[in-house]
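Chain and residue survey
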Amino acid sequence: METLPMMVVKIIAHCLNPMELAACCGTSQTWREIFGNDIFWERYCSSNIAEHLATAVSRVQPKFVSPENEQLENTLSPIGEWRLAFMKEHILWNHWKNGEMIQEMINIQNPYWVPSYEGARCEFVTNDHLITFRRNRVMLWNISNYPQYISDPVLPLSSHVVNFYSQLDENKIIFVQGTIVQIYCYGFPINTKWSLEQYFMFNRTDRTRVNIMKDMETVPSNVGCIVKENFFVGYCDDQLHIWNLSGTKLGTVLCPGLNNYEISGIVTSKTPSKDLLIEVVRNNKNHLYVFNLDKLEFYPSTYNYGDSWRSSYAIANGLLAICHKHSFKIYNYHTITLVWMMPAAYTVGVLFLEDYFIFIATNTMYTFHTITGSSQCIFVDLTDDIENIYRFNDTISDKFVLQTHRWNEILYEVDLKSTPIKFKTTKLQEAGFLFHDDIVINNSCTKAATMLTHNRVKIISKW
């Protein structure tokens, strides 16, 4: 091995999984030098997770213990940065799979009593900072260790509920009250008070001065929005309002079709990133349209079906996946053709993971590769009836699929690179998220949070 050219060693190492690389590192000091090289380990790590775990304190048992002891004399070369990062990430994923965590609680005190969940939500600003919304009050918390209140970083422009939040680049966040869009800069390191950079009402034609009291007297009942790259898209009733994040309105587009309808939701696409799926309700029937942000126009395709009971959608690589009642369907929305269909006695939902659509039906998981068109059927070993599965909740770092199932959560560990694709099932009876759709997870996957009631937030630490 010592005499082989480095190019040949790279080819050999590229065929080895982490366990095999580790075995090679333990063979001899020379092999340790070769197979411990960072170029072989970096591809198995997430850069976001590695950056955070490099300085984060390990609190969850069993804690991470570095194999290098600075107190003992060691003739071996130091472990490479990316091999050490892989060791830490491996411990983190084991905490997720084994249900190991630390649970802590935030109790929110608010002078405005609200007898329901109205306006109550939580979102991550950084890996260690959380903001809570309680109607129109915004509170900032440091949750790196035990949760600590920092400040009320912003004073929202309106008394209305904050109905949308999103993280932007360059240490900025955006949130919306009714139709008032507000963009704040929180700085780095994070400031206790955030500066308001700009605001506008997205259903206006331009950024003319807003009279908050007068203009917010009547807020449309059907309002929603998304942020995609440098685009902000808001909708009221049957219209899309498209802005760039510099505060320039790009256009207003009326949804196609007849009268008596309203937009009920928007689903974004990762690739191509400028396509959006628009869900419209008309006369109690659901209709799907695909909209392009660059051209500010709809594709000619239209997809109609009955009610939205147990329906979910995903869009990627020119394909639209629909899970509805007793079937899965995939359409090419450029050619308006049905690409794939699978009937099912009971359906739960569809997610997009890497380049795959993932469906689940009666004890069966289906995968469909959006580039090659290949599909696979995988039996899912569940101890209870599939009818007790409520929904797909989330994906975690493109590695796990989290799903609510009866009285617990199920975590599917997904290996999309294996042939055939592998799904390993882990039941998380102590996950702490039961029946809460508003689970949020930070970028490093070390913490999760969920709003239990309108004034209590549960923090789950996984590191």
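Structural data are supplied above this passage.
The following refers to the structure shown. For clarity, every value in this text was computed on a predicted model and none was experimentally measured.

Criteria and thresholds
- Residues numbered from 1 in each chain as written.
- Predicted model: local features only at pLDDT ≥ 70, side-chain atom pairs only at ≥ 80, totals over all residues.
- Heavy atoms only, no water.
- Pairing = 2+ DSSP bridges.
- Helix = DSSP H or I, 4+ residues; strand = E, 2+ residues; numbered from the N terminus.
- Axes fitted to C-alpha atoms, helices over the stretch in contact; angles between N-to-C directions.
- Buried < 20%, exposed > 50% of the residue type's maximum accessible area, 1.4 Å probe, protein only.

If you walk across this open sheet you meet the 4 strands as E6-E7-E8-E9, and the pairing is antiparallel. Because the sheet does not close on itself, it has two edges, and the strands there are strand E6 (162-168) and strand E9 (195-201). When strand polarity is set aside, the average angle formed by the axes of neighbouring strands in this sheet is 20°. Judged from the 6 bridges that link them, strand E7 (residues 172-177) and strand E8 (residues 180-185) form a sheet pairing that is antiparallel. Bridge pairing in E8 links Lys-172 to Cys-185.

What follows deals with unusual backbone geometry. The omega torsion across Gln-61 and Pro-62 is -5°, close enough to zero to call that bond cis. The topology assignment puts Pro-62 in the loop between helix H5 (47-53) and helix H6 (81-98). Note that the residue after Thr-271, namely Pro-272, is joined by a cis bond; omega there is -10°. By the element assignment, Pro-272 lies in the loop between strand E14 (261-268) and strand E15 (275-282). Even without a glycine there, the phi angle at Glu-354 is positive, about 55°. By the element assignment, Glu-354 lies in the loop between strand E22 (347-353) and strand E23 (356-361). Here Glu-354 falls in the partly exposed class, since its relative accessible area comes to 31%. One non-glycine residue, Cys-445, adopts positive backbone phi at about 60°. In this fold, Cys-445 is placed in the loop between strand E30 (440-441) and strand E31 (447-453).

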